[in-house]
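Here is what each chain is made of, one letter per residue.
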Amino acid sequence: MDIINHLVLGFSVALTPTNLFFCFLGVLIGTLIGVLPGIGPVATISILLPVTFGMEPVASIIMLAGVYYGAMYGGSTTSILVNLPGEAASIITCLDGYQMARKGRAGPALGISAMGSFIGGTVSIIGLMVLAPPLAMLALKFGPPEYFSLMVFGLTMVTYLCVGSLIKGLTMALAGIAVSTIGQDPISGITRFTFGSLTLMDGVGIVPVAMGVFGIGEILANIEANIKQEVYSAKIGSLFPTAKDWIACKWPVIRGTVIGFFMGILPGAGTVMPTFIAYSVERRLSRNPEKFGTGVIEGVASPETANNAATGSSMITLLSLGIPANLTMAVLLGAFISHGIQPGPLLITRYPALFWGTIASMYIGNAMLLVLNLPLIGIWVKILKIPYNVLFPLILLFCFLGVYSLNQNIYEIVIMVGFGVFGYLMRKFGFEGAPFLLALLLGPMMEIAFRQSLLYGDPFIFFKRSISVTLLIVSLFLLITPLFPKIAQRREILQELED
Amino acid sequence: MRYSEIIGGIFWLLFGILFTILATGYQFGSVTQPGPGFLPLGVGLLIIAFSLIILGQGLKFFKNREAVVPFSKPGGLKKVAYTVLLLLVLGFLFEEVGLLVTVFLLLAISMLVAEVKSWKRIIFVALVTTLGVYILFVLLLSQQLPRGFLSI
Amino acid sequence: MKQLLCTKKPAIFLAVGLALFWVKSGYAQQEDVAKYPSRPITLIIPLLAGAPGDIAARLISKDAERILGQPIVPANKPGGATSIGVAAIAKAKPDGYTIGYGAHSGVFIGPLLEKLPYHPLKDLKPIIQFGNSLFSVAVRTDSPFKSFKDLTSYARQNPKKLTYASTGTTSMQYFVVNQVFKKEKLEVTHIPFKGSPEGHVSLLGGHIDFIVDTIVYPLVEAGKERTLLILNDQRAEEFPNIPILKDLGYDIPTPMILNIMGPTGIPDGIIKKLEDAFTKAMKEPGFIKGMKENLRFPIFYRNSRDLGEYVTRGFETYEKILKEMGPVK
């Protein structure tokens, strides 16, 4: 009954008034920066870091962790309301969330994402508590060949992200890979397609591009069409998901949790990739896949659950090995270090109060977030009542400030605006943004893993390792099966058009 | 909607050709030891192939379909251009003039572009938001934002 | 009113633009050495906030600002393998109110590989060195290699058998070990990684044989990784028994230095004031504790003149090394 003793210890730490306060402060700030586009947990935790120097280490870690998982709650808000991803992990939520809002169902969309986040987040903490050491070992099984196969698997999901024309979607995915090659190639060290720009040396970031393609692109299209209020004039219906919504979301939430949790463990996969995968899986399994992208609630529930489920598991390699799985964790590592604590294999035995206190605070924090976010829904949907010609300048402003705050670099603004124009044009020509972004995200990881693997000198290495070969077979299966019914369906459509 | 496929196809065709040409500037390597030019070249060629298919589809349907121009009216396009220009100009001046001036100008001018008709409303919204942004970003979240010549 | 707004829009844009440029050009102040510092000083850090180097630079500036009597405001300018931030330091107005941390890849490596808008020896004025960052060659604990000699002798008998990770072909660590292997005429397969975490995961998972990277203390202390060689000029206090490059007969400078630099052209009087303030700050208990116990960076002092010579020597060495290796492929 070790676990109970540990939890008792954890809650005794987390429930002290000071720690409760800092937990609340953390999740509150997290929600806030999640809602604000661009400003993410990385920037916020690093800014708060010096502030926490004077605090107790436990309180400081509890607060900063709260910012991290809190941001995942807030991220969906702007995606749903104005098609602007608040964080990279909420890109996919735009697809159905925004369409739901246009149909007057912003409330249920926000409600299900809060509930899904809570479920995903809580289950993931249990997993982190019970399974941390064995799961860390699982992460170690992934070398370059496994990563390559994982990225191939991820990219096959592109076909499920295309709502309209498949060929156009695939073109966008290729374009995403093309853009992802901009920057310094880590294998050879040379810079590609940067034209002498220092900003481009690091490549084009997913956040400015997502904000451009979705947020700015949408705004430009609306400005051109001279939309004043029409988009949002649909009456705002009920604020909470109906019983029917709940039933529809049962499995998407469960699957989102599992996908998010397991992918979150892997360094590099982060919290973004699971959202794409979870969404694609739901579309693949759905009886009405053609409805995805038109505002189905499953399309919001699964990615929003997945990104929260990934938050807990992404802490595993940091806490049990001292290796950060993503950029936010790297900054959190900085927080540990500046308090003189080295997270790693010895963390749990050396600092039991800190470790279990943080875990317990995450349960409390998730509950706080739910209580905090549900009443906020009523306020958020009111934003849609602001006249569009006042609302869009405000959205532009938050994009502008948010994207600058990523690196304090004005050229990030230029990149965002450039991709805004791109997104606007693509919208005009009927090309979708989601495949582009997925490819932009996975492209570099796939290329690096591919070339690293081949450096071992064996071109068949991908088929000689069990995890890698399994992933490749699953990808092949996924790629082949839908082709047949789709071709038939396609013929029909073409026929109709010809007539 | 066939115009969109023709224009879209041409856009990607040009992009594909340009990208492929640029990609040949990097070492291709070999299939077992790919260099930095390997992936870009492959992707560039695939984009060309796909854009030709799209273009073909567009042309095929062009004959018996009523052409729909995807852009609305020039007035709308002008507004788009102003908005883009505004963001770029303010982006380049942001670090010089600082947060407050930029925020005010961004809001006021984009509301002008969006034809908000009452000056009072523009000034009011811009001022209140500027203050709100200052409180939120600088005082509460202590973001590193340029202070500009006003040094605040 | 509406018509006015529509027809006058370009004019409004133009007027605003002109006004802003006027403001920009009119914003210049004369500085007085005796009164320095009379307003806050900006410290440019070319790293993401929260990175160990960032924490170190903030640590020393916390103590220095008390001594100077004006706040030092850190401004993170990450990106471009630190060259964006270093460029911002080099191009800053040389009035002493903008200084920064001259991260080593932006000072020694970047300018040799890319066309950058600054020259590290002409455009940067070193003010003080306050520490070193530690890099090492490490293996898994269950590796048969107990020393760096074991590793090299195995590699000699089994060419191309061993694989190692680094954080890319443009990192200083890579150039250093590359020189070592060249001198020993060894063939070892280099697998570059995008970041340090991915490299350590691959090492622990057995996908590579050794790693050239910063020391990950928790893994060393928990007995998961073993350090074989320290890639620094000075012996590391925490690892008195681990050889440094010089012990094995390799004479390669490794200027992975924690420092404060400014743009060239700051008046000497101001440089002196800054140098004195930061030198004093290095004796503060807060700084010493933070470096030793939390960050575990060795404290190392060089004054402005010595650091200038050291930077020149380091840059010239790497210029030679990179020229010998030929253009990067």
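Quick caveat, the model's predicted, so the values are computed rather than measured.

Structural notes on the nonpolar core
Inference 1: Ranked by size, the top nonpolar core spans 172 residues in total, and within it Leu401 of chain A, Phe94 of chain B together with Phe130, Ile260, Leu274, Phe278 and Met291 of chain C carry the most contacts.
Inference 2: Counting residues per element, this core draws most heavily on helix 4 (residues 57-82) of chain A, at 16 residues.
Inference 3: Not counting residues within four places of it along the chain, the set of residues in contact with phenylalanine 278 of chain C comprises Ile60, Ser61, Ala64, Ile72, Ile99, Ile128 and Ile260 of chain C.
Inference 4: Core analysis: the second largest hydrophobic core is formed by 80 residues, Cys94, Phe462 and Leu478 of chain A together with Ile47 of chain B among them.

Digging into the packing of helix 1 (residues 2-14) of chain A against helix 18 (residues 352-383) of chain A
All names here are of chain A.
Inference 1: One way to put it is that helix 1 packs onto helix 18 with a least axis distance of 7 Å and a crossing angle of 75°. Considering their axes alone, helix 1 and helix 18 lie roughly perpendicular with respect to each other. In contact with His6, Leu7, Leu9, Gly10, Phe11, Val13 and Ala14 of helix 1, helix 18 contributes Pro352, Ala353, Trp356, Gly357, Ala360, Ser361, Tyr363 and Ile364.
Inference 2: In terms of residue class, the contact of helix 1 with helix 18 is made up of 11 nonpolar, four polar and no charged.

Looking at the confidence of the model for chain C
Close inspection of predicted coordinates is inappropriate in any region flagged by low pLDDT.
Residue and element names in this part refer to chain C.
Inference 1: In this model, chain C carries a mean pLDDT of 88, and residues with pLDDT of at least 70 account for 90%.
Inference 2: With pLDDT under 50 throughout, residues 1-7 is counted as low confidence; its partners more than four residues away or in other chains account for eight contacts.
Inference 3: Per-residue pLDDT stays below 50 along residues 24-30; that stretch engages in six contacts with residues further than four places along the chain or on separate chains.

Side note on the interface of chain A and chain B
Often, the extent of an interface is quoted as the loss of accessible area on bringing the components together.
Inference 1: Contacts between chain A and chain B engage 67 residues on the former and 71 residues on the latter.
Inference 2: Here chain A is connected to chain B by one salt bridge.
Inference 3: Put simply, glutamate 5 of chain B and lysine 168 of chain A hold a salt bridge, and the shortest N to O gap is 2.8 Å.

Re the packing of aromatic side chains
Inference 1: Evaluation of the coordinates by the stated rule reveals 34 aromatic pairs over all chains.
Inference 2: With centroids separated by 6.0 Å and ring planes inclined at 45°, the aromatic side chains of phenylalanine 419 of chain A and phenylalanine 436 of chain A adopt a geometry described as tilted. A residue pair is termed long-range when its members are at least 10 positions apart, and phenylalanine 419 of chain A in helix 20 (residues 410-429) and phenylalanine 436 of chain A in helix 21 (residues 433-455) qualify at 17 residues.
Inference 3: Here phenylalanine 419 of chain A falls in the buried class, since its relative accessible area comes to 15%.
Inference 4: Between phenylalanine 422 of chain A and tryptophan 12 of chain B, the ring centres sit 5.9 Å apart and the planes meet at 85°, which makes this aromatic pair edge-to-face. Residue phenylalanine 422 of chain A is located in helix 20, and its partner tryptophan 12 of chain B is located in helix 1 (residues 2-23); the two belong to separate chains.
Inference 5: Classification of phenylalanine 422 of chain A as buried rests on a relative accessible area of 14%.
Inference 6: With relative accessibility at 1%, the residue tryptophan 12 of chain B sits in the buried group.
Inference 7: An aromatic cluster is built from Phe193, Phe419, Phe422, Phe431 and Phe436 of chain A together with Phe11, Trp12, Phe15, Phe19 and Tyr26 of chain B, whose rings are joined through pairwise contacts.

Notes on helix 3 (residues 41-51) of chain A
Inference 1: Within helix 3 of chain A, nine of the 11 residues are buried, which leaves the element mostly enclosed by the surrounding structure.
Inference 2: Buried residues in helix 3 of chain A make contact with helix 2 (17-35), helix 4, helix 16 (327-338) and helix 19 (388-407) of chain A together with helix 3 (52-68) of chain C.

A few points about a nonpolar patch on the surface
Residue and element names in this part refer to chain A.
Inference 1: A cluster of nonpolar side chains, contributed by Ile3, Ile4, Val8, Ile126, Val130 and Leu131, occupies part of the molecular surface with about 480 Å² of accessible area.
Inference 2: Every element with two or more residues in the nonpolar patch is listed here: helix 1 and helix 6 (106-140).
Inference 3: Judged by its relative accessible area of 48%, valine 130 is partly exposed.

What counts and what doesn't
As a convention, each chain's residues are numbered from 1 in the sequence order in which they are written. The order in which chains are written sets their letters, starting at A; the order in which ligands are written sets their numbers, starting at 1. Selection of residues for local features in this predicted model requires a pLDDT of at least 70, selection of side-chain atom pairs for listing and counting requires 80 or more, and totals for whole chains, interfaces and linings are taken over all residues. Here the side-chain values reflect all heavy atoms present in the structure, with hydrogen atoms and water set aside. Note on terminology: a nonpolar core comprises buried Ala, Val, Leu, Ile, Met, Phe, Trp, Tyr and Cys residues joined through side-chain atoms within 4.5 Å. For the exposure calls, accessible area comes from a 1.4 Å probe over protein chains only, and a residue counts as buried if that area is under 20% of its type's maximum, exposed if over 50%, partly exposed in between. Helix and strand assignments come from DSSP, with helices taken as H or I runs of at least 4 residues and strands as E runs of at least 2, each series counted from the N terminus. In what follows, residue pairs with any heavy atoms lying within 4.5 Å of each other are defined as contacts. In this analysis an axis means a line fitted to C-alpha atoms, helices contributing only their contacting stretch, and an angle means the value between N-to-C directions, from 0 to 180 degrees. Each angle is binned into one of four classes, with values under 35 degrees roughly parallel, values over 145 roughly antiparallel, values of 65 to 115 roughly perpendicular, and all other values oblique. Each residue gets one label: Ala, Val, Leu, Ile, Met, Phe, Trp, Tyr, Cys and Pro are nonpolar, Asp, Glu, Lys and Arg are charged, and the others, such as Gly, are polar. Each residue carries a pLDDT score, the predictor's own confidence in it, on a scale running from 0 to 100. Take a side-chain nitrogen of Lys or Arg and a carboxyl oxygen of Asp or Glu: if they are within 4 Å of each other, that pair is a salt bridge. Within 6.5 Å between ring centres, the rings of Phe, Tyr and Trp (the latter by its six-membered ring) count as paired, and their orientation is classed by plane angle as stacked under 30 degrees, edge-to-face over 60, tilted in between. Note that patches include only residues with greater than 30% relative accessible area and no salt bridge, and the join distances are 9 Å for like charges and 5 Å for nonpolar side chains (Val, Leu, Ile, Met, Phe, Trp, Tyr). Method for areas: the Shrake-Rupley scheme with a 1.4 Å probe, in which residue coverage is limited to the protein chains shown.

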